Amino acid sequence: MPRSLAETIARHLVMAREVLDDDPDLAYEHATYARRKASRIGAVREVSGLAAYRVGKWQEALSDLRAARRITGRNSFLPVIADCERGLGRAERALEVTRSRDVETLDVAERIELRIVAAGARRDLGQLDAALVELHVPELKERRARPWVARLFYAYADVLLELGREKTAREYFARASAVDQEGVTDADERLAALEGLEIVEMDDDVIWTDAEDPDPEAGPEVGAQGPETASGAEPPS
């Protein structure tokens, strides 16, 4: 490959990674260009697959990530591969991926992500109790502020709530909120809704207040705005 072309591809890959969270469509454009020029390079197929996943192109993402796995020998793509199967409506196949013997090679964050996907597949099949079992892992005792910890607590709380176990769900939404320093869930909003509260901003501070109508004789609350929303779990979730 000519050096100039290699440098161009590298620039597109860097841009795709940089904007993947904020502008998935733009990331997909950059990744697609790189894929057209160098589809046999593992890093290219990885970025292309992740970008396709973020814009909901499940089959394309699945093809690219499987290729990246073959080329690189890495298994870290398994959670996204499984979630692509869910996106295609193939919950059983998603579960097969989560039970792969290669799961043992994943780090803790990747293993938890795979458990979250497995729980989602169980919910797709209407198996709520089984979904809870998928998430009942030792890491539920974790207290460190990590994105994967927040996502685990949030997913566990969400299943509990669907099972009608509101008290315990409230506890795990609170735990998710406490460790979610990077805003990977909307645990604050979910917890506030369960408590009958709403979240408002006053200057740079976030406060919780009663969601009931204010006293009609009271004046308007200075600096109060509508409730903020935060993004939740990764698609299709």
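Just so it is clear, the structure is predicted and the values come from calculations on it, not from any experiment.

Bringing the overall build of the protein into the picture now. The number of helices and strands found in the protein is 11 helices and two strands. In sequence order, the secondary structure elements of the protein are arranged as α-α-α-α-α-α-α-α-α-α-α-β-β. Per-residue burial for the protein yields a buried fraction of 41% across its 237 residues. Surface accessibility of the protein: about 13,100 Å² in total, with carbon and sulfur atoms responsible for 47%.

Our next topic: the packing of aromatic side chains. Scanning the entire structure with this criterion turns up four aromatic pairs. With centroids separated by 5.9 Å and ring planes inclined at 65°, the aromatic side chains of phenylalanine 153 and tyrosine 172 adopt a geometry described as edge-to-face. You can see phenylalanine 153 sitting in helix α9 (residues 147-162) and its partner tyrosine 172 sitting in helix α10 (residues 166-179), a full 19 residues away along the chain. Residue phenylalanine 153 is classed as buried on the basis of its relative accessible area of 1%. A relative accessible area of 11% means that tyrosine 172 is categorised as buried. With centroids separated by 5.4 Å and ring planes inclined at 70°, the aromatic side chains of tyrosine 154 and phenylalanine 173 adopt a geometry described as edge-to-face. Residue tyrosine 154 is located in helix α9, and its partner phenylalanine 173 is located in helix α10; the two are separated by 19 residues in the primary sequence. Here tyrosine 154 matches phenylalanine 173 in class, with each residue buried. Members of the aromatic cluster, connected to one another through ring pairs, are Phe153, Tyr156 and Tyr172. Here the basic side chain of arginine 175 rests over the ring of tyrosine 172, its NZ or CZ set 4.5 Å away from the ring centre.

Tallied over the full model, the rule gives 22 salt bridges. Between glutamate 134 and arginine 122 there is a salt bridge; the shortest N-O distance is 3.1 Å. In this pair, glutamate 134 is assigned in helix α8 (residues 128-135) and arginine 122 in helix α7 (residues 108-124), connecting sequence segments 12 residues apart. With respect to burial, glutamate 134 and arginine 122 carry one shared label: buried.

What follows concerns the side chain of asparagine 75. With respect to the secondary-structure elements, asparagine 75 resides in the loop between α4 (58-72) and α5 (78-87). With a relative accessible area of 13%, asparagine 75 lands in the buried category. Polar contacts involving the side chain of asparagine 75 include one to the side chain of threonine 105, which spans 3.0 Å. Setting aside its immediate chain neighbours within four residues, asparagine 75 contacts Arg69, Asp102, Thr105 and Leu106.

Before going further, it helps to spend a moment on the confidence of the model for the protein. Here the protein averages 86 in pLDDT, while 83% of its residues score no lower than 70. Long-range and interchain partners of residues 211-234, a stretch whose pLDDT sits below 50, account for 33 contacts in this model, where long-range means more than four residues apart.

Its place among the elements puts aspartate 25 in helix α2 (residues 24-37). In this structure the C-alpha to C-alpha distance between aspartate 25 and valine 55, which are 30 residues apart in sequence, comes to 6.5 Å.

What follows concerns the packing of α9 against helix α11 (residues 187-195). Any two packed helices are characterised by how steeply their axes cross, that is the angle between the axes, and by the distance between the axes. Two numbers describe how α9 lies on α11: the axes approach to 11 Å, and their chain directions differ by 30°. In terms of axis orientation, α9 runs roughly parallel to α11. Seen from above, α9 lies across α11 with left-handed handedness. Residues Tyr154, Asp158 and Leu161 of α9 form the contact with α11, whose participating residues are Ala187, Arg190 and Leu194. A per-class count over the contact of α9 with α11 returns four nonpolar, no polar and two charged.

What counts and what doesn't
Residues numbered from 1 in each chain as written. Predicted model: local features only at pLDDT ≥ 70, side-chain atom pairs only at ≥ 80, totals over all residues. Heavy atoms only, no water. Helix = DSSP H or I, 4+ residues; strand = E, 2+ residues; numbered from the N terminus. Buried < 20%, exposed > 50% of the residue type's maximum accessible area, 1.4 Å probe, protein only. Areas by Shrake-Rupley, 256 points an atom, 1.4 Å probe, with all protein chains shown as cover. Phe/Tyr/Trp six-rings, centres within 6.5 Å; stacked < 30°, edge-to-face > 60°. Lys NZ or Arg CZ within 6 Å of the ring centre and 35° of its normal. Salt bridge = Lys/Arg side-chain N within 4 Å of Asp/Glu carboxyl O. Polar contact = N/O pair within 3.5 Å; in protein donor to acceptor, adjacent residues only side chain to side chain. Contact = heavy atoms within 4.5 Å. pLDDT = per-residue confidence, 0-100. Axes fitted to C-alpha atoms, helices over the stretch in contact; angles between N-to-C directions. Parallel < 35°, antiparallel > 145°, perpendicular 65-115°, else oblique. Left-handed = near helix turned anticlockwise from the far one by under 90°. Nonpolar A, V, L, I, M, F, W, Y, C, P; charged D, E, K, R; others polar.

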